[in-house]
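# Working through the structure, step by step
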Amino acid sequence: MSDFRAGRLAAMRAKIAAIEAGGRSDSESLPFGDDRIDGRLPGGGLPLGRWHEIVSSGLEVETAAAPAAFTALLATPLAARGEVVWVLRRDDLWAPGLAGLGFPPEKLICVCARDEAEALSVMEDALATLGVAAVIGEAEAVDLTAGRRLQLACEKRGATGFLIRRRPFGGLAKREAGGSAAATRWSVASAPSEPPAGEFGLGAPRFRARLERCRGGRTGAWLFEAPDAYDLEARDGTHPLRLVAELGDRQLAPALPLHANAA
Amino acid sequence: MRRLSAVSLEAAELGLSVGQKATDALALVPELATAEAEPEADAAALSALVDWCVRFSPAVAPDPPDGLFLDITGVDHLWGGEAAMLADLQGRLAANGLPFRCAIADTPGAAWALVHFGSDRIIASPGGQGPLLAVLPPAALRLPAETAAQIERLGLRRLGQIIDIPRAPFGRRFGQAALARLDQALGREREALVFRRPPTPWFARLAFAEPISAPEDMARVTADVAARLCARLDAESHGARRFELCFHRLDGKAMPLSIGLSLPGRDPVRIARLFAPRLETIDPGFGVEVVTLAAHAVEATSGRQARLDSGRNPTLEEGLAPLVDRLTNRLGPERVWRAAPVESHVPERAGGRVRPFAPAGEARPWNPEIPRPTRLFRRPEPVEDVMALTPDDPPTQFRWRGQLHRVRRAEGPERIGEEWWKGPIEAVRTDHLRDYYRVEDAEGGRFWLYRAGLYGDPDAPPKWWMHGLFG
């Protein structure tokens, strides 16, 4: 009886997984190489052939520097498989900085869109193109329809999308859309670096990343370090983001310092 | 009867002239060497000369049988003036064994008259061709020989006389054409010259029995004409980077459209698709009767075979090139780029932009071991309330965009001077010196800020600027 039940349950789970994967059963994933995070992600790594949302808070909503660096690091392993298209709204992305992080700038094609709708349609076009491994886009908000279209474009060729939520010229935030078709949503902020003992200056860049939503996985928050940044010798082919520590969900500081709440 | 159609300078000195009977000429000069006239070869040589003259001006028109019009508006300064340009042109022609007479005037008609009937190397000042023309005979108006002879028979031997007499009777007597020639010479009427176009042999044309105007018809004929031209390109293994589509309307207007490709191509479907979104900008008027498609920047491309493992290793032609073309034609070429290194230590110059499939430049790649920000502000933003322990120390705190940041860790300074070898030495100033610091605040934000100028100059105290963010 219980065998029968377990079998039915397993079959049903597989069915749901297939529906969730949008009809693609061979969804690939890109492991970070650390069980503390890979165990929480569906398929043991960042799902490929889907699109991911990267959000930030405070001033970063306008400047989007930490999300850009974090996304470039996420996309670096994908750059070996094909081209990466970065759809900008404001052309302040600086390739020498990406080269320093370990992202190959010769694999990058930059496109500067004139408005939000154009940025999303260029992203969609690029995602559905053969030879494009990843598309990074910057947009203020993605409604359910646009998100679904991005997902369909991802499924066409298996390209992975990254959408950095950014208000490029400041201003008031648009109303948040209720749901999202994204596979994951990360909230990213810079974190203080820790240089090795006895060294001056800054250490390797660190990021606090909270996985706020994850389809088919569990959320969490982690402290990442990019040991490859500005150091050619450290580049050994492993994932450019190294997990330093797991953070409690509450530990991740919001935009305002904690004592501001108390006051 | 055989006549002389052209004579050399030496023959002219012996008294021979154009139009003379060949037998008479041989009687006068028994040792005369003659050759058969070849008008076709002359025309071909003239058109070759037209192509050659493009080095002097982009607008060159042939004036058969033996003349050239060059529109030198706005180009003579490259030679240091009209006289110098004239001398250079004439000298180069003479060096090639082509004795040309030259003149410069406001209008093609006046220049023609001065060349054929005036002395050599006349340069008419702007608006000053009237007195120069007044002394020339009526034949200087580029009139048929009979008309010119008729005018002279009436006693009008100088153009000055014609300019003065009433226009209406003159026009009635000799035709509007003669009046138009006079006006063209004096600059009262514009004259349209047919300037040389760089010819492209890659050209296809479709003419319709009935004029078309429906949008779907225009899309279909675009695909048809593209298929026709691309079949030829394909047969000769060529591809083109630029295509120019032109709709010729019933009322004689031509409506051109052009697209560019990042890699030479000849796929008719792709080309038609690039034109498709812009067809709606074409106003067909009363209908389009002819459509033409010309390919420019044609180069040989090898026929590429579809790869057997195309799923894994796609070629550029299959995926990326069409994407880049779509985006470039939609957004404009300046909005799609690949970053390329430029050898300059001034940050805002180091990030160059190239077309996505341009061959790699020779500049050294950026040094990935020197930390550089991921976001660089186009204009550095001012930073206030900067405190530093000693002048050359990194700041301990700063205010940017109204927010105070306490610096936890810092690196620097990295001194970046201006490129003094690019401008005059007097323009080099110490306040152009920048000392860059990479700092991290208590929250972990990493910033790239710099101090412009040096301490110690009371007139120009150093200022702090935010130039980029590392994230």
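Report on the accompanying structure. (Residues numbered from 1 in each chain as written. Chains lettered and ligands numbered in written order. Predicted model: local features only at pLDDT ≥ 70, side-chain atom pairs only at ≥ 80, totals over all residues.)

### Quick look at the overall build of chain A
- Across its full length, chain A carries eight helices and 11 strands.
- Looking at chain A as a whole, 47% of its 263 residues are labelled buried.
- A separation threshold of at least 6 residues defines the contact pool for chain A, and within that pool the share at least 24 residues apart is 67%. (Helix = DSSP H or I, 4+ residues; strand = E, 2+ residues; numbered from the N terminus. Buried ≥ 20, exposed ≤ 12 C-beta atoms within 10 Å, placed from the backbone. Contact = placed C-beta atoms within 7 Å.)

### Observations regarding the packing of helix α9 (residues 167–174) of chain B against helix α10 (residues 176–186) of chain B
Residues and elements named next belong to chain B.
- Here α9 crosses α10 at 125°, and the two axes come no closer than 6 Å. As the angle between them shows, α9 and α10 are arranged oblique. Taken together, the residues of α10 that come into contact with α9 (itself represented by Arg-167, Phe-170, Gly-171 and Phe-174) are Gln-176, Ala-178 and Leu-179.
- Looking at the contact of α9 with α10 residue by residue, the class counts come to four nonpolar, two polar and one charged. (Axes fitted to C-alpha atoms, helices over the stretch in contact; angles between N-to-C directions. Parallel < 35°, antiparallel > 145°, perpendicular 65-115°, else oblique. Nonpolar A, V, L, I, M, F, W, Y, C, P; charged D, E, K, R; others polar.)

### Overview of the sheet that holds strand β7 (residues 160–165) of chain A
- A sheet is described by the order of its strands in space; here 11 strands give the open sequence β11(A)-β10(A)-β9(A)-β8(A)-β3(A)-β7(A)-β6(A)-β4(A)-β5(A)-β9(B)-β10(B), paired in mixed fashion. Each edge of the open sheet carries a strand with a single partner, namely β11 (242–247) of chain A together with β10 (351–354) of chain B. Within this sheet the neighbouring strands show an average axis-to-axis angle of 30°, counted without direction.
- Both strand β4 (residues 83–88) of chain A and strand β6 (residues 132–139) of chain A contribute to a ladder of five bridges, which runs parallel. Looking across to β6(A), one finds that Val87(A) is bridged to Gly137(A).
- Contacting β3 (51–55), β4, β6, β7, β8 (184–191) and β9 (206–214) of chain A, helix α4 (residues 65–79) of chain A runs over the sheet at an angle of about 175° to β7(A). (Pairing = 2+ DSSP bridges.)

### Digging into the interface of chain A and chain B
- The partner chain B presents 42 residues to the 43 residues of chain A that form the contact.
- The set of elements that each furnish at least two residues to the side of chain A that touches chain B consists of α4, α5 (95–101), β5 (108–112), α6 (116–127) and β8 of chain A.
- The element contributing the most residues to the side of chain A that touches chain B is α5(A), with six residues.
- When the residues that make up the side of chain A that touches chain B are grouped by side-chain class, the tally is 30 nonpolar, eight polar and five charged.

### Focus: helix α11 (residues 215–235) of chain B
All names here are of chain B.
- Given a rise of 1.5 Å per residue, 21 residues ought to cover 30 Å, and the 30 Å separating the end C-alpha atoms of α11 matches this to within 8%.
- Inspection of α11 places Met-218, Val-221, Thr-222, Val-225, Ala-226, Leu-229, Cys-230 and Leu-233 among the buried residues, and these make up the whole buried set. Looking straight down α11, one finds that the buried residues subtend no more than 165° of arc, so they occupy a single side. In α11, the exposed residues that point more than 90 degrees away from the buried face are Glu-216, Ala-231 and Ala-235.
- Packing partners of the buried residues in α11 comprise β5 (203–212), β6 (238–249), α12 (268–275) and β8 (288–300). (Expected span 1.5 Å × (residues − 1). Arc of directions from axis to C-beta.)

### A look at the sheet that holds strand β7 (residues 254–265) of chain B
Residues and elements named next belong to chain B.
- Read across the sheet, four strands follow the order β5-β8-β6-β7 without closing on themselves; strand pairing throughout is antiparallel. Sheet topology places β5 and β7 at the edges, where each strand pairs with a single neighbour. Between one strand and the next, the sheet's axes are offset by a mean angle of 15°, whatever the strand orientation.
- The pairing of β6 with β7 spans eight bridges and is antiparallel. Directly across from Ala-240, in β7, lies its bridge partner Gly-265.
- Relative to the sheet, α12 contacts β6 and β7, its axis offset from that of β7 by approximately 130°.

### Here's the deal with the environment of Arg2(B)
- Looking at where Arg2(B) falls in the secondary structure, it is placed in the segment before α1 (9–13).
- Residue class for Arg2(B) comes out exposed when judged on the 12 C-beta atoms lying within 10 Å of it.

### Re the environment of Glu381(B)
Residue and element names in this part refer to chain B.
- Inspection of the secondary structure assignment puts Glu-381 in strand β11 (residues 375–388).
- Classification of Glu-381 as exposed rests on a count of 12 C-beta atoms within 10 Å.
- Apart from the residues within four sequence positions on either side, Glu-381 is in contact with Trp-400, Trp-465 and Met-466.

### Regarding the pairing of β5(A)
- Within β5(A), five of the five residues are buried, which leaves the element mostly enclosed by the surrounding structure.
- For β5(A) and strand β9 (residues 336–341) of chain B, the ladder comprises two bridges, and the chain directions are antiparallel. Residue pairing in the sheet places Cys110(A) in a bridge with Trp337(B) of β9(B).

### Topic: the environment of Thr63(A)
- Examined against the element boundaries, Thr63(A) turns out to sit in helix α3 (residues 60–63).
- Take Thr63(A): there are 25 C-beta atoms within 10 Å of it, and that puts it in the buried class.
- Spatially, the C-alpha atoms of Thr63(A) and Arg90(A) are 9.8 Å apart, while their sequence positions differ by 27 residues.
- Apart from residues lying up to four places away in sequence, Thr63(A) is in contact with Arg375(B) and Leu469(B).

### Here we look at the packing of helix α5 (residues 108–117) of chain B against α10(B)
Residue and element names in this part refer to chain B.
- Running from N to C, α5 and α10 point in directions that differ by 90°, and their axes come no closer than 5 Å. In this view, α5 runs roughly perpendicular relative to α10, as classed from their interaxial angle. Of the residues in α10, those in contact with Gly-109, Ala-110 and Ala-113 of α5 are Arg-181, Gln-184 and Ala-185.
- Looking at the contact of α5 with α10 residue by residue, the classes come out as three nonpolar, two polar and one charged.

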